[in-house]
Structures are given as structure tokens and as C-alpha cells.
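Chain by chain, the residues run as shown.
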Amino acid sequence: MITTKPRHLRASYDVVVVGGGPAGLEAAVAAQAGGAAHVLIVDREVEAGGILIQCIHSGFGLHRFGVELTGPEYAQRVLMQVLEHDIDVVTDAYVLDIDAHRRVKLMTTTEGIALVDARAVVLAMGARERTRAAIRIPGTRPAGVFTAGLAQRLVNLYGVLPGHRAVILGSGDIGLIMARRLTLEGVEVVGVFEIMPYANGLNRNIVQCLHDFDIPLHLSTTIVEIHGAHRVDKVTVAPVNAALQPQLDRAWEVVCDTVLVAIGLIPENELSQQMRLRLDPVTRGPVVTSTMECTRDGVFACGNVVHIHDLVDFVSAEAALAGFSAGQYVNGTLPRPDNVRLQPGDNVAYCVPHTISTEREHTVYLRARRPLDACTLQLRDATGTRVYEKRLRYVFPAEMVNLRLRPAILQHFHGDVLRIDLIARVEA
Ligand SMILES: Cc1cc2nc3c(=O)[nH]c(=O)nc-3n(C[C@H](O)[C@H](O)[C@H](O)COP(=O)(O)OP(=O)(O)OC[C@H]3O[C@@H](n4cnc5c(N)ncnc54)[C@H](O)[C@@H]3O)c2cc1C
């Protein structure tokens, strides 16, 4: 059982962390390690833990803890560290605004509107799901259309089944996990429909959630219409061409009473926008330096609010860096500013952080735009000269690539822009 100690808010904190998911919890502990004495975590839910609370399947923590945990178990471990470190946690409280002086305005159920001064802030607000409206699926608007995460919440936290016969749109990890979860609960999952020619979830989830349960995955296929007066009674699905346009002459109907929409997450950045932080148009999260500092002094960010991670273990690693940096900022020991901008090149959708320093070691997270077998990751300077290359067995948009950049790799590099390419390897 996850618990948090109720606290009376102080008037000022060294570091205020917005969001008590795995990123926020980890960042808070690291902020103390970095030198912050008084740290506050604010979360809008009644208990901390973020999205992990509803993820009762296993598959968390292999990198971070060396064992396979469920989501709540992972959250509990991190929260125990928070409690041991005497960090204030206020739940059922929403951060409304953070002004230019880092004065944090929050609304709590116990204290109403409260203002708290922060010397540094860590943004860890996570992400929310894209809904049916995001891709404008035509048809009527009956009951029975859920986002996959909402269905997960209903089943795992409230013991309520969303329906009896379901189709799932999108093959991201949440959709795959829910295909298995619903099947285990006795719901008939008729199929998973994915518009892209490849699946968008981790390979282990395709095997363990679809293949093991004989659930068909229809690639290059999408829902073109939802039917039903009060409740969904069927959907029309159609294959798509290379331009992702539905081929309506080849459409067919699938009888179902439930549609789960699993079409991706959007970093939750309304607060970042209010604070006028620069956002990356691809990740839709804040632009960050190698210390996870945003484009405003003393404001750091980590986790799904920066970019969508596939494993929580990497969220924790990134959050530890952001929190530690916030602590360093408070006591004036933040490392010197970065001197190199990273530029996503061929087949690279984005990379985080956006800048690095040639003096320190970094982990750079990046995603491929399209799958490639046998490829090479190359770093090039502004003149196109190759600085470093690494062979990869494959890249896949659903699997984040982690690149460890040591100063030794860049010792012969001169310049201020480093371009990253993922290029197909031609085997002799
Ligand atoms: C269905 C599903 C299955 C997954 N399966 C796996 C898996 O098998 N293995 C794995 O490693 N990872 C898995 N993940 C991914 C993992 O859960 C996420 O990467 C991780 O939870 C992200 O952490 P976060 O702290 O950034 O965001 P979140 O967990 O979303 O936490 C953000 C927190 O911020 C709070 N918040 C937001 N805005 C405010 C505000 N203004 N004021 C106060 N509080 C606010 C929210 O309430 C929330 O508690 C899965 C995710 C999902 C959804």
C-alpha cells in the first residue's frame, strides 16, 4: 500500500517538484543528494506514484532494480526512498502556475490556494493520452469508446469492465497490454488495428500480449467509422495505402461494443507553455540542456513531460539527473553550460538532451523515424566529417536508442553542432 505523510506546507522550499510519478519521486530524492535541504513534491492525484499505480502487470524495474516488478511495486520502492529522505509530499493538490520568480501557485483540498517560493523547480507532469478527437475518427458518438489508459484504470483500479467485445486501435504498448488484460478478464478482443506497416510497441509486448493469446494484429489498417446509437455496435475498418490513405473499397465491418483508442501519449505541458519555456515541436516537451535545465534558469524537467519513454527505468535515470542538477543549482554548483548543440539528422526523429558538453559524459536518448535492420549510428560535425560511429543490430521507432557519449569519443571534435544519423548498413 502506497502512503504519503500529510504535511503542512512551508512558505519556501529549495526545490519544488511538480508531479509525483516515478520521475518526480526520483527527482526529489536526487535533489537532496545534489544539495537541496527542503524539497516538496506536489501531485494532483490522491496518492503519489503516477501512471504506475494502474499498471499492475510486471515488466518494470529490470534496469533500475535488477528485478521484474509490477508498476505499483516500482512506485512503492521509489516512494519509500522519498519517505526515508524526509521530503514533503502533498497530494490531491494541483499546480496552477509558476511565475517568473519561481513562486508556485497550487490548489490543495486542505489549504485551498497556496503560494510557495521555490529556488528551483523540477517539472515532472508526465503525459496524457491522445483521444478519438485527435485523429477525428468519423461516425456517431456512442458510449463504449475509451482511451486504453482509461480502460486500464477502470479494470485495474475500480474493477469495472469496459465491455464484452473489443477492438483496439493502435499497437503502442498501452494497447498491447490492454489487449492481454481484457482477454484475461473474459473480454473478447477481436483484433488490434495499426495504421503503420509495423507495430508500435515493444517486441516483448507483441509476443506476450498478442501472440500468446492469439489476438490478431492487423498492420496498415485503421478504423474508418464508428457505428452505434447509444452504444458502439460495430466499426468499419480499412487497409491503408503507402500514403496512409484508407482504401474504402476494401473496407469491412467488425461487430463490437467497445473501442479502445491507443494512439499515443502527449507530454502534459500546459504549465510549461504558461511559463513560456521553449518546446521541441517533435517531442512536444521542453528543450533541455545536458543537466535537464529548460530555457528558464532554475527550471528543470524529466520523464514523460520531456519525451515519451518506453521504460520507466530510463525515466528514473533521467529524473535523477534533473533532480541532482536542481540541487546543484540551489547551492551554486551546477556544471558549466553546454558547448554543443545536438542536431537530429537522417532517420532521427529527435534527441534529448538538446545540448551537451564535451567535458562530461552524457546519455543521449533518441528515436528512429522508421525501422532499419543492420544500421549505423553516426555522429558528424558541421562540415560532415564523421566523428564517431556505432553499429546497431536494428532500430525501431518504438524502442528508444540510448547513446552513451564519453568525452574521449569527442576529443577530436571541434565545433558547436553535432549531427546524429541512423543509416542503413550495406553488408559486403
Ligand atoms: C499502460 C502503460 C503500460 C506501461 N508499461 C510499462 C512497462 O511494462 N515497463 C515500463 O518500464 N514502463 C511502462 N510504462 C511507462 C511508465 O509507466 C512511464 O514511463 C512512467 O510512468 C512515466 O513517469 P512520469 O513520472 O514521467 O509520468 P507519470 O507516471 O504520468 O506521472 C506524472 C504525475 O504528475 C502529476 N501531475 C501532472 N500535472 C500536474 C499538476 N499540474 N499538478 C500536480 N500534479 C500533476 C500526475 O497526476 C501524475 O501523477 C507503461 C505506461 C503505461 C501508460
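Reading the values: rules and limits
- Residues numbered from 1 in each chain as written.
- Predicted model: local features only at pLDDT ≥ 70, side-chain atom pairs only at ≥ 80, totals over all residues.
- Heavy atoms only, no water.
- Near = heavy atom within 4 Å.
- Polar contact = N/O pair within 3.5 Å; in protein donor to acceptor, adjacent residues only side chain to side chain.
- Areas by Shrake-Rupley, 256 points an atom, 1.4 Å probe, with all protein chains shown as cover.
- Helix = DSSP H or I, 4+ residues; strand = E, 2+ residues; numbered from the N terminus.
- Nonpolar A, V, L, I, M, F, W, Y, C, P; charged D, E, K, R; others polar.
- Domains from an automatic or database assignment.
- Buried < 20%, exposed > 50% of the residue type's maximum accessible area, 1.4 Å probe, protein only.
- Pairing = 2+ DSSP bridges.
- Contact = heavy atoms within 4.5 Å.
- Buried area = accessible area lost by both parts, 1.4 Å probe.
- Axes fitted to C-alpha atoms, helices over the stretch in contact; angles between N-to-C directions.
- Left-handed = near helix turned anticlockwise from the far one by under 90°.
- Salt bridge = Lys/Arg side-chain N within 4 Å of Asp/Glu carboxyl O.

**As for the site of the ligand**
In the neighbourhood of the ligand, 32 residues make up the surrounding shell, with A23, D43, I51, N304 and V312 lying closest. Within the backbone of N304, one N or O atom sits 2.9 Å away from an oxygen atom of the ligand. If the ligand stood free it would expose 1000 Å²; the protein chains cover 95% of that surface. Mapped by element, the contributors of at least two residues to the shell around the ligand are α1 (22–33), β3 (58–60), β6 (93–98) and α8 (312–330). Grouping the amino acids of the shell around the ligand by side-chain chemistry returns 17 nonpolar, nine polar and six charged. Taken domain by domain, the makeup of the shell around the ligand includes at least three residues from each of domain 1 (12–128 + 266–330) and domain 2 (131–263).

**Section: the pairing of strand β26 (residues 401–405)**
The side chains of a regular strand alternate between both faces of the sheet. Residues V401, L403 and L405 of β26 are buried on one face, while the alternating residues N402 and R404, pointing to the opposite face, are not. Examined bridge by bridge, strand β23 (residues 362–368) and β26 share five bridges and lie antiparallel to one another. Within β26, the residue paired with V364 across the bridge is L403.

**What about the domain arrangement of the protein?**
In terms of domains, the protein is made up of domain 1 (12–128 + 266–330), domain 2 (131–263) and domain 3 (340–424). If you look at the interface, domain 1 gives nine residues, while domain 2 gives eleven residues. When domain 1 packs against domain 2, close to 840 Å² is buried across both sides, 51% of that on carbon and sulfur atoms. The three residues of domain 1 that bury the most area against domain 2 are Q54, I56 and H57, which together make up 59% of that side's buried surface.

**A word on the packing of helix α4 (residues 148–158) against helix α5 (residues 173–184)**
Between α4 and α5, the shortest axis-to-axis distance is 9 Å and the interhelical angle comes to 35°. Relative to α5, the crossing made by α4 is left-handed. In this structure, α4 uses A148, G149, A151, Q152, V155 and N156 to contact α5, whose residues at the interface are I174, G175, I177, M178, R181 and L182.

**Side note on the pattern of salt bridges**
Inspection of the entire model under this criterion finds 19 salt bridges. With a shortest N-O distance of 2.9 Å, E26 and R64 are connected by a salt bridge. Placement of E26 in helix α1 and of R64 in the loop between β3 and β4 (69–70) is noted, with a sequence separation of 38 residues between them. The exposure class of R64 is partly exposed, given its relative accessible area of 28%. Residues D421 and R380 are paired through a salt bridge, measuring 3.7 Å at the closest nitrogen-oxygen approach.

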